Amino acid sequence: MSAAIVEARGVHKHFGGLHVLKGVDLAVRERELVFVIGPSGSGKSTLLRCLNRLEEPSDGSITVDGIDMLDRRTDINKARQRIGMVFQSFNLYPHMTALGNVALALRRVQGLPRAEAEARARQALERVHLADRAGHYPGQLSGGQQQRVAIARAIALEPRVMLFDEPTSALDPELVGGVLQAMRELRESGMTMVVVSHEMGFARAAADRVVFMDGGRIVEEGPPEAIFGNPQQERTRAFIGQIERH
Amino acid sequence: MSFDEFLQAFFSLEILQQAWPILWAGLLNTLLLSVVVVPLGFLGGLILALLGTVHSRWVRWPLIAWVDLFRSLPPLVLLVFVYAGLPFAGLEVTALTAVAIGFFLNTGAYYGEILRAGIESVPRGQVEAARCTGLTAAQAMAHVVLPQAVRNVLPDLISNTLEVVKLTSIASVVALPELLFQARQAQSVTYNATPIMAAAVIYFILLWPVVRLLSRLENRQMAGRR
């Protein structure tokens, strides 16, 4: 078993008077795909956003690829290049083409010359099968295509870990497949992934481990067959039952 | 008054010919003022808008006070104050410098409020996406937020710019002979309204294309295309 590449210990997060994360421990091994499920407000997105310090945890420790993410001396901008993130709302830059979206960080953060940055951006777009849309603006792409461009934007930086925050929740049903396909291919290439999502079919097929969160804590975790087929905790059972009925 | 007399009083080619060198000098000054004052005001506004993104009360409160002060002061009063007041502080300023300072303070406050609204119109997720790829806060502002912010408030920026160009006529109070000042000089020398009419036409020719552009942009935004 390989060592943990993501390690969160005792993570707490307060938003004002709201206690959103109540001591979460999560370790993700290299090449592992971890699915995080749970009712809305359970803290799963907040946990994900703490991993790359988009949210500042109130307490606890987070290590990614050997870097202490919460250490003040850590160059957070450098560390974040190793952690790709994909959002529910895509968050593509609307004033840039697909190619421009993917190339921006390659140029400005990694300092590549324009031609090289664009060549690498094009390769990233090819990996999500959108090379032919390189010159399109986000407004000219479907939601599914936009999300795949967002995936390309993240993987272009060759991260060690990818975080997905409800990547298909904002999509029309017929557009979900393309995004899941891109994620499946990413997984096959050996990417370590942490996915917050309700795509249970995908979880069953692709996840190594499913983590169920409720009330700011991890209630139960295990292989997908165990969590979906034979949940041990009452709350897990209730939640699985609810989403299976849909 | 006959029609001929009317023409003679307001649209005399002869008078125009005599007054033209004076008007021309005024026009050049108005252009010079606009070219100095618009970028300066925009720069001032940009500084204020960027300071507005700092979440510290030590920045926020002085900033609000500053913007309120310079939006409340009539630009004319401000200009006289700068021109007549700074010498008492030991700073002799030329008329152009005084106008530049006055507009930097006054129009900067207006451009600043417009740009602030633009920055706030950009969804939070844009910055998050940029920061996630390793861009610094400043890079995210420069490459992701500001281009969208400016585009979102472009009609307001252009509208304000029109006002600023028209407002340059107040430079005459500090004896800077811009277009309107020169036209009035020519009027008083010739006892004829033609120079004033000419100045009006010149302003119109200068600003009308910008007004058209503004309308087109507003229509486009109205149609929901961003």
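Relevant structure appears above.
Residues numbered from 1 in each chain as written. Chains lettered and ligands numbered in written order. Predicted model: local features only at pLDDT ≥ 70, side-chain atom pairs only at ≥ 80, totals over all residues. Heavy atoms only, no water.

**Q** Can you break down the overall build of chain B residue by residue, with the values?
**A** When its secondary structure is counted, chain B shows 10 helices and 0 strands. Put simply, chain B runs from its N terminus to its C terminus through helices and strands in the order α-α-α-α-α-α-α-α-α-α. At 22 Å, chain B has a C-alpha radius of gyration far larger than the 17 Å of a compact globule built from 226 residues. Counting only C-alpha atoms, chain B reaches 75 × 50 × 25 Å along its principal axes. Within the span of chain B, comprising 226 residues, buried residues form 41% of the whole. The contacts in chain B between residues at least 6 apart in sequence include a share of 76% that link residues at least 24 apart. Entry remark: accessible area of chain B is about 12,400 Å², with carbon and sulfur atoms responsible for 68%. (Helix = DSSP H or I, 4+ residues; strand = E, 2+ residues; numbered from the N terminus. Rg over C-alpha atoms; globule rule 2.2 N^0.38 Å. Buried < 20%, exposed > 50% of the residue type's maximum accessible area, 1.4 Å probe, protein only. Contact = heavy atoms within 4.5 Å. Areas by Shrake-Rupley, 256 points an atom, 1.4 Å probe, with all protein chains shown as cover.)

**Q** An account of the interface of chain B and chain A is needed here, citing residue identities and associated values.
**A** Opposite the 17 residues of chain B that make contact, chain A presents 21 residues. Roughly 1,700 Å² of surface becomes buried between chain B and chain A when both sides are summed, with 59% attributable to carbon and sulfur atoms. Among the residues of chain B in contact with chain A, B:Cys132, B:Thr133 and B:His143 are the three that bury the most area, contributing 33% of the side total. Our count for the chain B to chain A interface comes out at 1 salt bridge. Between A:Arg49 and B:Glu128 there is a salt bridge, with its nearest N and O atoms 2.6 Å apart. Inspection of the region where chain B meets chain A yields 7 residue pairs in polar contact (both at pLDDT 80 or more). Elements that contribute at least two residues to the side of chain B that touches chain A include exactly α6 (124-132) and α7 (137-152) of chain B. Partitioning the side of chain B that touches chain A into residue classes produces 6 nonpolar, 8 polar and 3 charged. (Buried area = accessible area lost by both parts, 1.4 Å probe. Salt bridge = Lys/Arg side-chain N within 4 Å of Asp/Glu carboxyl O. Polar contact = N/O pair within 3.5 Å; in protein donor to acceptor, adjacent residues only side chain to side chain. Nonpolar A, V, L, I, M, F, W, Y, C, P; charged D, E, K, R; others polar.)

**Q** If you had to explain the sheet that holds strand β2 (residues 18-29) of chain A to someone new, which residues and values would you point to?
**A** Residues and elements named next belong to chain A. One open sheet holds the 4 strands; their spatial order is β2-β1-β4-β5, and the pairing between them is antiparallel. Both outer strands of the open sheet, β2 and β5 (67-68), are each paired with one neighbouring strand and no more. Pairing of strand β1 (residues 4-15) with β2 involves 9 bridges; the strand directions are antiparallel. Bridging across to β2, Val-11 finds its partner in Val-24. Packed onto the sheet, helix α1 (residues 44-51) meets β1, β2 and β4 (59-64) and runs at close to 60 degrees relative to β2. (Pairing = 2+ DSSP bridges. Axes fitted to C-alpha atoms, helices over the stretch in contact; angles between N-to-C directions.)

**Q** A description of the sheet that holds strand β10 (residues 217-222) of chain A should follow, citing residues and the corresponding values.
**A** All names here are of chain A. Taken in spatial order, the 6 strands of this open sheet run β6-β7-β8-β3-β9-β10, and their pairing is mixed. At either end of the open sheet lies a strand with only one pairing partner, and these are β6 (83-86) and β10. Looking at each pair of strands side by side, their axes are set apart by 20 degrees on average, direction ignored. As defined by bridge partners, strand β7 (residues 161-165) adjoins strand β8 (residues 192-196) across 5 bridges and the pair is classed as parallel. Pairing of Val-161 across the sheet is with Thr-192, part of β8. Seen against the sheet, α1 touches β3 (33-37), β6, β7, β8 and β9 (209-214) and runs at an angle of roughly 150 degrees to β7. Against the sheet, helix α9 (residues 234-245) makes contact with β3, β9 and β10, and its axis sits at roughly 100 degrees relative to β9, the strand it touches most.

**Q** Please provide a residue-by-residue account of the pairing of β7(A), values included.
**A** Residues and elements named next belong to chain A. Across the 5 residues that make up β7, a large majority, 5, are buried. Of the two faces of β7, both are covered, the one formed by Val-161, Leu-163 and Asp-165 as well as the one formed by Met-162 and Phe-164. Pairing between β6 and β7: 4 bridges, direction parallel. Residue pairing in the sheet places Val-86 in a bridge with Phe-164 of β7. Taken together, β7, helix α6 (residues 173-188) and β8 constitute a β-α-β crossover, and its handedness is right-handed. (Right-handed = clockwise from strand over helix to strand, strands pointing away.)

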